[in-house]
Amino acid sequence: MSSIYLPRTADALAFAMSTYGIPLLVLSTTRSAALTGAAFTLEWIPRLAAFGWAGSIVDRRGASVVFHLASLGRALVLAVGGILLHLYPSGAVASVTVMVLAAATGVLTQFSYVAVETAGAAAGRRAGPRAHRVQAVLLGIDQTATLAGPALAGMLLLAGPPSMLAVVTGFSLLAALLALRTPPSPVLPARAPKGRPGAGLVTGWRTIRALPALGWLVAGLTLSNLATGLLQAAGPVIVVQHFGQSTTAVGLVWSAAAAATLVAVTICRFALDRLGLWPVGAACSGIASLACLAAALAPDYLSYLVMVAVLMAADGGLAVVLRTLRSRLIPPEAFGSTLSATILILLLPFPLAGVLTALTPPDALGHVITACAALQTLGLFCAFARLRTDPALRT
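Residues numbered from 1 in each chain as written. Predicted model: local features only at pLDDT ≥ 70, side-chain atom pairs only at ≥ 80, totals over all residues. Heavy atoms only, no water.

Participant: Please provide a residue-by-residue account of helix H10 (residues 277-296), values included.
Facilitator: Compared with the 28 Å implied by 1.5 Å per residue over 20 residues, the 29 Å span of H10 between its first and last C-alpha is a close match. Those residues of H10 lying buried are Leu-277, Trp-278, Val-280, Gly-281, Cys-284, Ser-285, Ala-288, Ser-289, Ala-291, Cys-292, Ala-295 and Ala-296. (Helix = DSSP H or I, 4+ residues; strand = E, 2+ residues; numbered from the N terminus. Expected span 1.5 Å × (residues − 1). Buried < 20%, exposed > 50% of the residue type's maximum accessible area, 1.4 Å probe, protein only.)

Participant: Could you give me a rundown of the pattern of salt bridges, with the residues and numbers involved?
Facilitator: Tallied over the entire structure, the rule returns two salt bridges. Between Arg-8 and Asp-142 there is a salt bridge whose closest N-O contact spans 3.0 Å. Of this pair, Arg-8 sits in helix H1 (residues 2-30) while Asp-142 sits in helix H5 (residues 131-159), and the two are 134 residues apart along the sequence. You can call Arg-8 buried: its relative accessible area is 3%. Between Arg-74 and Asp-11 there is a salt bridge; the shortest N-O distance is 2.8 Å. (Salt bridge = Lys/Arg side-chain N within 4 Å of Asp/Glu carboxyl O.)

Participant: With reference to specific residues and values, describe the packing of H10 against helix H11 (residues 301-329).
Facilitator: Packing of H10 against H11 brings their axes to within 8 Å, and their N-to-C directions diverge by 150°. By the criterion of interaxial angle, the relationship of H10 to H11 is roughly antiparallel. Along this stretch, H10 crosses H11, giving a crossing that reads as left-handed. Contacts from Leu-277, Val-280, Gly-281, Cys-284, Ser-285, Ile-287, Ala-288, Ala-291, Cys-292, Ala-294 and Ala-295 of H10 reach H11 at Tyr-304, Met-307, Val-308, Val-310, Leu-311, Ala-314, Gly-317, Leu-318, Val-321, Thr-324, Leu-325 and Arg-328. (Axes fitted to C-alpha atoms, helices over the stretch in contact; angles between N-to-C directions. Parallel < 35°, antiparallel > 145°, perpendicular 65-115°, else oblique. Left-handed = near helix turned anticlockwise from the far one by under 90°. Contact = heavy atoms within 4.5 Å.)

Participant: How would you summarise the state of the cysteines if you had to cite specific residues and measurements?
Facilitator: Taken as a whole and assessed by the stated rule, the structure comprises zero disulfides. Left without a disulfide partner, Cys-268 is nearest to the cysteine sulfur of Cys-284, which lies 4.1 Å away. You can call Cys-268 buried: its relative accessible area is 6%. Its relative accessible area of 8% is what places Cys-284 among the buried residues. (Disulfide = S-S within 2.5 Å.)

Participant: Any details on the side chain of Asp-11? Residues and values, ideally.
Facilitator: Relative to the elements of secondary structure, Asp-11 occurs in helix H1. According to the relative accessible area criterion, Asp-11 is buried, its value standing at 3%. Once residues lying within four places of it in the same chain are set aside, the contact partners of Asp-11 are Phe-67, Ser-71, Arg-74, Ser-112, Val-116 and Ala-175.

Participant: Explain a nonpolar patch on the surface to me, using residue names and the numbers behind them.
Facilitator: A surface patch of nonpolar side chains, amounting to about 540 Å² of accessible area, comprises Val-80, Ile-83, Leu-84, Leu-87, Tyr-88 and Val-93. Per-element accounting of the nonpolar patch gives the leading share, four residues, to helix H3 (residues 63-87). Residue placement: Tyr-88 occurs in the loop between H3 and helix H4 (92-127). (Patch = residues over 30% accessible without salt bridge, like charges linked within 9 Å, V, L, I, M, F, W, Y side chains within 5 Å. Areas by Shrake-Rupley, 256 points an atom, 1.4 Å probe, with all protein chains shown as cover.)

Worth remembering: the numbers are spatial, not functional.
Right under this line is the structure:
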């Protein structure tokens, strides 16, 4: 399993540092809450656009090849960005550079993510009835990276943007090298028709529609992701401008959240053995809803940090449920396409969260988060109420 876990670790560190570090980089470079929200949107919109290609390319070329090329491309983009910010630390060139970095790393990260998820699902299928254990380990790797990544990015940013980007470049290069050790995943026959770029998404959408359990869970988590996405997009603004903390404090929020998620994933791993998917998922959905509402009303930085940590821990439990279900239900030959369609739906709220952050005055962000938390509660309740008797979640 080390051939799966080690590349996943390097990529997860690069993913976490770029996802959480680049909005911080934008805020420290431009000092603009609106541009920080816009950068978050730019980071996610290209990821969504890439889904028309990512899943079908992984199905055709294999996870290891796509993983290697995407990680290598991300390293080159980050290296160029670091050089430009070293030469032009402020002004128009710096502003354009950080916004382009947000968009470019978003696309390349999405390709690498689809590839490593496909490789992880193949490992889960090889594990048979212990698939949820493999998914728990993979999620634990992701959360360990999220524990270290944001805090490390925040600290490195104090030394200057080029330092932060240099470290992310190093992790991306390491991921590209380790990707060559990733076991090959099933690929479509070379004679299969290529079709249009969006054909993979059509195949994935049809597969989701044919799997009601997966469809209901994805629908509930999509509404939930609007709330969590808004907390991510608005995090730098809330912590720095509302609570008066430093950029390092922003990273500490997500590091604390990752630590709590690691504990939650470990608990869920054993709970799933004894209780099954539905009870664990329903409990996590209730905790996530309450924590998000509490985070919106947090009176100070410490209570905000605790509530975000509880929310993301519960979200981690839901992620284990989703990953286990999709590794069980999705046919291997269409996994890349269906994974892309699933993640596309789940990530649609994230650019919307960036737009909301950019358009909302900082003092009104709490009200918007409260409204999104109410939608999260409604979506998760409806999903798990519908799935209560579904046989796919009873084991």
